[in-house]
Amino acid sequence: MGISQYIKEIGRGKDGARALTREQSSDLLGQVLDGAVTDLEVGGFCLAMRIKGETPDEMAGFLDAAHARLHRLPDNGLTTVVLPSYNGARKLPVLTPLLALLLARQGVPVLVHGTATEDKRVFASAVFAELGVLPATQVTRLAAGEVAFVPTEVLCPGLKRLLDVRRVVGLRNPAHSLVKLMNPCVGQAFIVGSYTHPEYASSMAATWALTGAHAMLLRGTEGEPVADARRTPRMEIFQDGERTEVQPQQDGPLVQVPSLPSVGAAHTADYIRAVLNDSLPIPTPIALQVEHILRALEHHDSPAHAHAL
């Protein structure tokens, strides 16, 4: 079906719009990612979906289309932790690289993917560059304890183009949720998804339940997939569609709030180095997040779970 027919269905306003099936959604986004539609049609799709909102079936279909087109990382025989980093730092330092390096120190392969979605924020890519982790130009197999930052355009150029529509129309579109849910690996992956508003937590959870993802969901730092260093958020683990709370939300800030750097990439990198060499303590919420991720990986990779599958 041509994209104009889909836009007629989803573009009837908040109350009149009709939801697409998973198959229709996959076809629609596939045409967008393949560049088979006009810029005007892409804009119409983005605005219509922004008004209507995505259903879990639609988001699952969008994921199907993206997964079919991603340049995915080869299977390394391990479970790779995936950190989608798309929000960057506005008021607080972006500590996604710290989370990645703490996990790698425990022997976990870690893939961070993302792109700058706004001009006035500091992104993980800039902090990684200060730490000597340069953007990958192609997807390669990750070893145990290795961290890679892969720009979105390396994974899927069409997805990068769709994300960049926000710079023109000023509004998010389904791609901004999609990148936080997708699995860029051929092999086993554990995705750490974050949200900023409660309605996105509900929609992300429903999509992961539908697709049987292995993942963690939390309210991250300004939308980044790392716990706020000042207070412990609720953390949930998804395993084969089952949802379990592993960390309750803390009411109020920590008793002793850590001293954090300014949002600049260089200052953030200096802070991360100090934490990694034990000159500064790991913020408690991030230490708890690492612990829960490692426990989830251990459970997923256990012989008992493999036998159950």
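A short tour of the structure in this document, coming up. (Residues numbered from 1 in each chain as written. Predicted model: local features only at pLDDT ≥ 70, side-chain atom pairs only at ≥ 80, totals over all residues. Heavy atoms only, no water.)

### Description of the packing of helix 1 (residues 3-10) against helix 4 (residues 39-52)
Turning to step 1, where the next piece is worked out: Contact geometry for helix 1 and helix 4: axes closest at 9 Å, N-to-C directions at 25°. By the angle class used here, helix 1 and helix 4 are roughly parallel. In this structure, helix 1 meets helix 4 at a crossing whose hand is left-handed. Across the interface between the two elements, Ile3, Ser4, Ile7 and Ile10 of helix 1 pack against Glu41, Gly44, Phe45, Ala48, Met49 and Lys52 of helix 4.
Turning to step 2, where the next piece is worked out: Class assignment for the residues of the contact of helix 1 with helix 4 results in six nonpolar, two polar and two charged. (Axes fitted to C-alpha atoms, helices over the stretch in contact; angles between N-to-C directions. Helix = DSSP H or I, 4+ residues; strand = E, 2+ residues; numbered from the N terminus. Parallel < 35°, antiparallel > 145°, perpendicular 65-115°, else oblique. Left-handed = near helix turned anticlockwise from the far one by under 90°. Contact = heavy atoms within 4.5 Å. Nonpolar A, V, L, I, M, F, W, Y, C, P; charged D, E, K, R; others polar.)

### Re the sheet that holds strand 4 (residues 189-195)
Turning to step 1, where the next piece is worked out: If you trace the seven strands from one edge of the open sheet to the other, you get 3-2-1-4-5-6-7, paired in mixed fashion. Of all strands in the sheet, those with a lone pairing partner are strand 3 (147-151) and strand 7 (242-247), marking the two edges. The mean angle between the axes of side-by-side strands here comes to 25°, regardless of whether they run parallel or antiparallel.
Turning to step 2, where the next piece is worked out: Looking at chain direction, strand 6 (residues 235-239) and strand 7 are connected through five bridges and run antiparallel. Opposite isoleucine 237, over in strand 7, you have threonine 244 as the bridge partner. (Pairing = 2+ DSSP bridges.)

### Comments concerning the pattern of salt bridges
Turning to step 1, where the next piece is worked out: Following the criterion strictly, the structure yields 14 salt bridges and no others.
Turning to step 2, where the next piece is worked out: Linking arginine 167 and aspartate 164 is a salt bridge whose minimum nitrogen-to-oxygen distance equals 3.9 Å. Note that arginine 167 and aspartate 164 are positioned in helix 9 (residues 157-169) at a spacing of three residues, about one turn of the helix.
Turning to step 3, where the next piece is worked out: Relative accessible area serves as the criterion here: at 39%, arginine 167 is assigned to the partly exposed category.
Turning to step 4, where the next piece is worked out: You can call aspartate 164 partly exposed: its relative accessible area is 24%.
Turning to step 5, where the next piece is worked out: Note that arginine 231 and aspartate 228 form a salt bridge whose closest N and O atoms lie 3.4 Å from each other.
Turning to step 6, where the next piece is worked out: For arginine 231, a relative accessible area of 32% corresponds to the partly exposed category.
Turning to step 7, where the next piece is worked out: Taken together, the salt bridges that share partners define one network made up of Arg234, Glu236, Arg243 and Glu245. (Salt bridge = Lys/Arg side-chain N within 4 Å of Asp/Glu carboxyl O. Buried < 20%, exposed > 50% of the residue type's maximum accessible area, 1.4 Å probe, protein only.)

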